[in-house]
Amino acid sequence: MRMVNFRLPYNTGRIALVLAAVLLVGFLLLPSQLQGVFQEVGSPIGWVLSWPLRAAASVQEGIADFWGGFVALRGVAEENKELRKELEHLKGQNSQLREAAVATERLTALLEFKTRAELSMVAAQVIGRDTGNWYRTIILNKGESDGFKSDMGVITSAGVVGRIVKTTAATSVVLLVTDPNNAIAGLVQRTRDEGIVEGTTQGMARLKYIPLLSNARPGDRVVTSGLVGGFPRGLAIGTITRINKDEEALFQFAELTPDVDVGRVEEVLVIQSPNVQAEGEQLGVPAVRPKS
Amino acid sequence: MKMAVLATLIAGLVSVQSILLPHMMVWGVMPDIGLIAVCLVGLFGGELEGLLLGLALGWIMSLFSAADLATSMMTKGAVGYVAGLAGRHVVYLAPAVFVLWILAISCVAGLVTAALLNLSDQQDWWWAVRAVVAPQAVMDAVAGGALYWLLWSRLNIERWVSEYRT
């Protein structure tokens, strides 16, 4: 069997070792500058890699559809063997039509919301998730070439999804609202108490720095305050499920259930003009919410 | 040819890691197949091949993650280099030993990553070990061990290794 020789010539090896040492020293001495350079250089590589990513995402979607149909058809076959063939055909068609209907409903909701919000927003598709286990992120199929930048807000018609933290020419990485490293300025819609929304390690969210005298309670809705970050005022974030008051603490915090099921989001809108102040409070809860 | 093989390997690994593996998460954790690949290439190819693939894979994988570039590059580069050094001094590696080795190296890489990443105050050391490092190390060991066993039992890995080393 003919093998590919991965071994490098001795000189190349020495150069590679020196290069690695220089990189290590560089990252220690100039961490942000060097990372900026690598991010810039990586942008076209990200564009190239976005194609296999998109292809793999399409294949995965196809397999998921096929698998969903297969499982459904097995159930039907067990119930009624005589009608199996006919049911297989109909189920397959039905599955495809349902998928198309759900996608249409979702996209219609996004379009309606986009029109109503009067913000400059661009739709994007989710093509992947974080390559590591430390952060909760999604990867979008659009990047710098579509005008996406770091800190831009990402939403669906149901509410806030997260914010962009990294971009390449053709992809963007969105840190989800449920990640503990995310921070979004929010306020309790009923009491007008402001705070910071961050994710939790359990995959939920919490509103920090609520004043002790606040009478926020479970069931209250939390929306973006629009003070900082890439979000206008009034976009839905979640609903308070529990208030935590420590005896000696200066503030209380509220546990939230995010309005968006970030584990199942497929299409999103990226807010490109965060400084445009929409009639936030008038937006309220969107009339049509995507089915997840 | 070598560059084409490595570029294809990297593109394939990134696609699988970001699209396929998130559907196979157990307790919110998935194996790091980039780390396993770097270990295998380091063991069979040598320390420099491991180092270079580790640096490249760490860099490109971090483009599709919120993690910073330096941590991922340096961790995977170091893992590749150490794997290469280990491969140079080991004549034969049984699958069971490889599993233990991956378990150990994944634990060390995970702990180093936890120390270098600027994580939130909720994500302390205990959380990092319990929620990410330990489960990921177990998954890496299982996935890496299965892959190594496949190579060892089906593809005559010993001949590969001896060919590469001569």
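Bear in mind that the values here come from a model prediction, so they are computed numbers and not experimental data.

About the criteria used
- Residues numbered from 1 in each chain as written.
- Chains lettered and ligands numbered in written order.
- Predicted model: local features only at pLDDT ≥ 70, side-chain atom pairs only at ≥ 80, totals over all residues.
- Heavy atoms only, no water.
- Salt bridge = Lys/Arg side-chain N within 4 Å of Asp/Glu carboxyl O.
- Buried < 20%, exposed > 50% of the residue type's maximum accessible area, 1.4 Å probe, protein only.
- Helix = DSSP H or I, 4+ residues; strand = E, 2+ residues; numbered from the N terminus.
- Pairing = 2+ DSSP bridges.
- Expected span 1.5 Å × (residues − 1).
- Contact = heavy atoms within 4.5 Å.
- Polar contact = N/O pair within 3.5 Å; in protein donor to acceptor, adjacent residues only side chain to side chain.
- Axes fitted to C-alpha atoms, helices over the stretch in contact; angles between N-to-C directions.
- pLDDT = per-residue confidence, 0-100.
- Buried area = accessible area lost by both parts, 1.4 Å probe.
- Nonpolar A, V, L, I, M, F, W, Y, C, P; charged D, E, K, R; others polar.
- Phe/Tyr/Trp six-rings, centres within 6.5 Å; stacked < 30°, edge-to-face > 60°.
- Lys NZ or Arg CZ within 6 Å of the ring centre and 35° of its normal.
- Left-handed = near helix turned anticlockwise from the far one by under 90°.
- Domains from an automatic or database assignment.

### Remarks on the pattern of salt bridges
All names here are of chain A. Tallying each qualifying case throughout the model produces nine salt bridges over all chains. For R206, the salt bridge goes to E198, with nearest N and O atoms at 2.8 Å. Measuring nitrogen to oxygen at the nearest pair gives 3.6 Å for the salt bridge that ties D261 to R264. Judged by its relative accessible area of 37%, D261 falls in the partly exposed class.

### A word on the pairing of strand 4 (residues 159-167) of chain A
All names here are of chain A. Here strand 4 lies mainly inside the structure; eight of its nine residues are buried. Relative to strand 4, strand 3 (residues 153-156) is paired through four bridges, and the arrangement is antiparallel. Bridging across to strand 4, G153 finds its partner in R163. Note that strand 4 and strand 5 (residues 172-176) share five bridges and pair antiparallel. When the bridges of strand 5 are listed, K166 appears paired with V173.

### Observations concerning helix 1 (residues 2-20) of chain B
Relative to the 27 Å expected for 19 residues at 1.5 Å per residue, helix 1 of chain B spans 26 Å between its end C-alpha atoms, a close match to the ideal helical length. For helix 1 of chain B, the set of buried residues is I10, A11, L13, V14, S15, Q17, S18 and I19 of chain B.

### Digging into the environment of Q17 of chain B
Inspection of the secondary structure puts Q17 of chain B in helix 1. Given a relative accessible area of 1%, Q17 of chain B falls into the buried group. Residues Q17 of chain B and P31 of chain B, spaced 14 residues apart in sequence, show a C-alpha to C-alpha distance of 8.4 Å. Not counting the four nearest positions on each side in its chain, Q17 of chain B is found in contact with D130 and T131 of chain A together with P22, M30, P31, D32, I33, G34 and M61 of chain B. A distance of 3.1 Å separates a polar side-chain atom of Q17 of chain B from the backbone oxygen of T131 of chain A.

### What to know about unusual backbone geometry
All names here are of chain A. Despite not being glycine, D151 shows a phi value in the positive range, around 75°. Mapped onto the fold, D151 is located in the loop between strand 2 (137-140) and strand 3. Owing to a relative accessible area of 46%, D151 belongs among the partly exposed residues under this scheme. In the Ramachandran plot, R192 falls in the positive-phi region, its phi being about 65° despite a non-glycine side chain.

### Considerations on the sheet that holds strand 5 of chain A
Residue and element names in this part refer to chain A. The strand order 1-2-5-4-3-12 describes a closed barrel built from six strands, whose pairing is antiparallel. Mean inter-strand twist for the sheet, computed between neighbouring axes without regard to direction, equals 45°. Note that strand 2 and strand 5 share four bridges and pair antiparallel. Its bridge partner lying in strand 5, I139 is registered against V173.

### A closer look at the confidence of the model for chain A
Keep in mind that low pLDDT regions are not for reading the predicted coordinates in detail. Residues and elements named next belong to chain A. Counting all residues, the mean pLDDT for chain A is 79, and 80% of those residues have values of 70 or more. The element-level mean pLDDT for chain A is lowest in helix 4 (residues 280-283), coming to 40, with strand 5 highest at 95. pLDDT under 50 marks residues 276-292. Its contacts with residues more than four places away, or in other chains, come to 38 contacts.

### Focus on the sheet that holds strand 6 (residues 184-188) of chain A
With antiparallel pairing, six strands are arranged side by side around a closed barrel as 6-7-8-11-10-9 (chain A). Averaged over all neighbouring strand pairs, the angle between strand axes comes to 40°, with direction disregarded.

### Some thoughts on the interface of chain A and chain B
In many reports, interface size means the accessible area that the parts give up when they come together. At the junction of the two partners, chain A supplies 51 residues and chain B supplies 57 residues. Together chain A and chain B conceal approximately 5,000 Å² of surface at their shared face, both sides included; 67% is due to carbon and sulfur atoms. Where chain A meets chain B, there are zero salt bridges. Counting every contact that joins chain A to chain B gives 16 residue pairs in polar contact (both at pLDDT 80 or more). Of all the elements, helix 2 (residues 31-79) of chain A adds the most residues to the side of chain A that touches chain B, at 13 residues. The class makeup of the residues in the side of chain A that touches chain B is 27 nonpolar, 18 polar and six charged.

### What to know about the packing of aromatic side chains
In total, this model carries six aromatic pairs over all chains according to the counting rule given. Aromatic rings pair up to connect F44, F98 and Y148 of chain B into one cluster. Over the ring of W51 of chain A we find R54 of chain A, and its NZ or CZ is 4.8 Å from the ring centre.

### Things to note about the packing of helix 2 (residues 33-45) of chain B against helix 4 (residues 69-89) of chain B
Residues and elements named next belong to chain B. Running from N to C, helix 2 and helix 4 cross one another at 35°; their axes reach a closest spacing of 7 Å. With respect to the hand of their crossing, helix 2 and helix 4 are arranged in right-handed fashion. Residues G34, L35, V38, C39, G42 and L43 of helix 2 touch helix 4, and the partners they reach there are K76, V79, G80, A83, G84, A86 and G87. Looking at side-chain class alone, the contact of helix 2 with helix 4 contains seven nonpolar, five polar and one charged residues.

### A few points about the domain arrangement of chain A
Residues and elements named next belong to chain A. Considered domain by domain, chain A is made up of domain 1 (10-117) and domain 2 (120-280). Across the boundary between the two partners, domain 1 contributes 17 residues, which contact 20 residues of domain 2. Approximately 1,600 Å² of surface area, both sides summed, lies buried where domain 1 meets domain 2, with 63% of it carried by carbon and sulfur atoms. The interface formed by domain 1 and domain 2 holds zero salt bridges in total. Our count for the domain 1 to domain 2 interface comes out at four residue pairs in polar contact (both at pLDDT 80 or more). Among the secondary structure elements, those contributing two or more residues to the side of domain 1 that touches domain 2 are helix 2 and helix 3 (84-117).

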